[in-house]
Amino acid sequence: MTLRVAVQMDPIEKINIAGDTTFLLMMAAQNRGHELWVYEPQHLSLEDGQVKARARKVTLRPIKGDHVTAGDYETLDLGTDVDVVLMRQDPPFDIAYITATYLLEMIHPKTLVVNDPKSVRDCPEKLFAQHFQGLQPPTLISADPVALREFQAKHGDTILKPLHGAAGGGIIKLKADDRNLDALIELHAAIGREPLVLQKFIPAVSAGDKRIILVDGEVVGAINRVPEKDAVRSNLRVGGTAVQTTLTPRDLEICARVGPELKARGLMFVGLDVIGDYLTEINVTSPTGAVQLKAFDGIDAGDALWDAVDRRLSTGQV
């Protein structure tokens, strides 16, 4: 079936198509004959119960620097004018992001929103992983300085990161006897009121942080992201290098635990982060890695996603 697809994303002219998963997903849709529009979150509106977006129809090309032709702005009623909304803007996961989920929740599931906006809101990426006991390393989420100090004293070397951070931003390794914890807590408190995440350091990160892509709860494939020498952050945006990988029995065990819950919640395109034997994050906002997966293994996660969308729409199980 031919679908009308609106993509909520960051400015399309500024993306780097060489590594952008959203572009890959959109190209897969276009190759199937689907029509594409793009809009930015600030172009959403709610008027008399109707959720609208000021959007542009686009045609894509896999040509760096000339990857998009966009039409004039037009106002779409997202509840009637399109079949699917693909929610793909990058974090920060702040009140503006949350507000966008409230608006899109008003049209879902009449219009299929990927991922389900309520579930995106209800499953912050570091918190959601806590639902699966036994899969995570020892982890504390708290703004209480006493609790944070006690956790560090108990577990030694730790990783400190902001609860709603993304792309490796703000991640710091602390030694067991590190005296900077109090100062870091104060700095974060001066920026905002969100709790911090303190997690037992996993030495296996030197071998990489695996990104496993799941579509509608099923494993599609994985890449490994290897940090620079002596670094602990493996995210591609902060210097990590993508390499080919295979899934271990432990990886598959983790996916088998998490996958059914993702499917039940309408989280159709998700990236799990696995270091060694541990699940560290469940990425539900705009997970990446699909371009590298296709380059390494020839697996197109975009095709997998649109197959899943077709199944949901054809069966009415949205």
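Parameters at a glance
Residues numbered from 1 in each chain as written. Predicted model: local features only at pLDDT ≥ 70, side-chain atom pairs only at ≥ 80, totals over all residues. Heavy atoms only, no water. Salt bridge = Lys/Arg side-chain N within 4 Å of Asp/Glu carboxyl O. Core = buried A, V, L, I, M, F, W, Y, C linked by side-chain atoms within 4.5 Å. Buried < 20%, exposed > 50% of the residue type's maximum accessible area, 1.4 Å probe, protein only. Helix = DSSP H or I, 4+ residues; strand = E, 2+ residues; numbered from the N terminus. Contact = heavy atoms within 4.5 Å. Pairing = 2+ DSSP bridges. Axes fitted to C-alpha atoms, helices over the stretch in contact; angles between N-to-C directions. Phe/Tyr/Trp six-rings, centres within 6.5 Å; stacked < 30°, edge-to-face > 60°. Lys NZ or Arg CZ within 6 Å of the ring centre and 35° of its normal.

S.K.: Please clarify how the pattern of salt bridges should be interpreted in this entry.
M.R.: A side chain of one charge can pair with a side chain of the opposite charge when the charged atoms of the two come close. Enumeration according to the criterion identifies 21 salt bridges in this entry. Across the pair Glu 261 and Arg 265 runs a salt bridge whose closest N-O atoms are separated by 2.7 Å. Residues joined by salt bridges that share partners form a network here, namely Arg 32, Asp 303, Asp 307 and Asp 310.

S.K.: Can you walk me through the nonpolar core in this structure?
M.R.: The nonpolar side chains of a soluble globular protein tend to be buried, and buried together. Grouped together as the largest cluster of nonpolar side chains are 40 residues, with contacts concentrated most on Leu 78, Leu 272 and Ile 282. The set of elements that each furnish at least two residues to this core consists of β2 (35-39), β4 (50-60), β6 (84-87), α2 (95-105), β12 (209-215), α7 (249-264), β15 (269-275) and β16 (278-283). Among the elements that line this core, the one with the most residues is α2, at 5 residues. Excluding anything up to four places from it in sequence, Ile 282 contacts Glu 125, Phe 128, Ala 129, Phe 132, Val 258, Leu 262, Val 270, Gly 271 and Leu 272. Ranked by size, the runner-up nonpolar core spans 38 residues in total, among them Leu 3, Met 9, Val 220 and Val 291.

S.K.: Would you explain the sheet that holds β12 in this entry?
M.R.: The strands making up a sheet associate through hydrogen bonds between their backbones, and the pairing can be parallel or antiparallel. If you trace the 5 strands from one edge of the open sheet to the other, you get β14-β13-β12-β15-β16, paired in antiparallel fashion. Two strands bound the open sheet, and with one partner strand each, they are β14 (241-244) and β16. On average, each strand axis in the sheet is inclined to that of its neighbour by 30°, with strand direction left out of account. Relative to β15, β12 runs antiparallel, the two being bridged by 6 bridges. Note on β15: the bridge partner recorded for Leu 214 is Val 270. Against the sheet, helix α9 (residues 301-315) touches β12, β13 (218-226) and β15, its axis set at about 30° to β12.

S.K.: Got a minute to help me understand the packing of aromatic side chains in this structure?
M.R.: In this description, a pair of aromatic rings is defined by centroid distance and the angle of the planes. One pass over the structure, following the stated rule, counts 2 aromatic pairs. Between the NZ or CZ atom of Lys 173 and the centre of the ring of Phe 201, over which it lies, the distance is 4.0 Å.

S.K.: Help me understand the sheet that holds strand β8 (residues 139-142), please; the structure alone is not making it clear to me.
M.R.: Read across the sheet, 4 strands follow the order β8-β11-β9-β10 without closing on themselves; strand pairing throughout is antiparallel. Two strands close off the open sheet at either side, each with one partner strand: β8 and β10 (172-174). The mean angle between the axes of side-by-side strands here comes to 25°, regardless of whether they run parallel or antiparallel. Relative to strand β11 (residues 196-200), strand β9 (residues 158-162) is paired through 5 bridges, and the arrangement is antiparallel. Bridging across to β11, Ile 159 finds its partner in Gln 199. On top of the sheet, helix α5 (residues 145-155) reaches β8, β9, β10 and β11; it is set at about 10° to β11, its chief contact.

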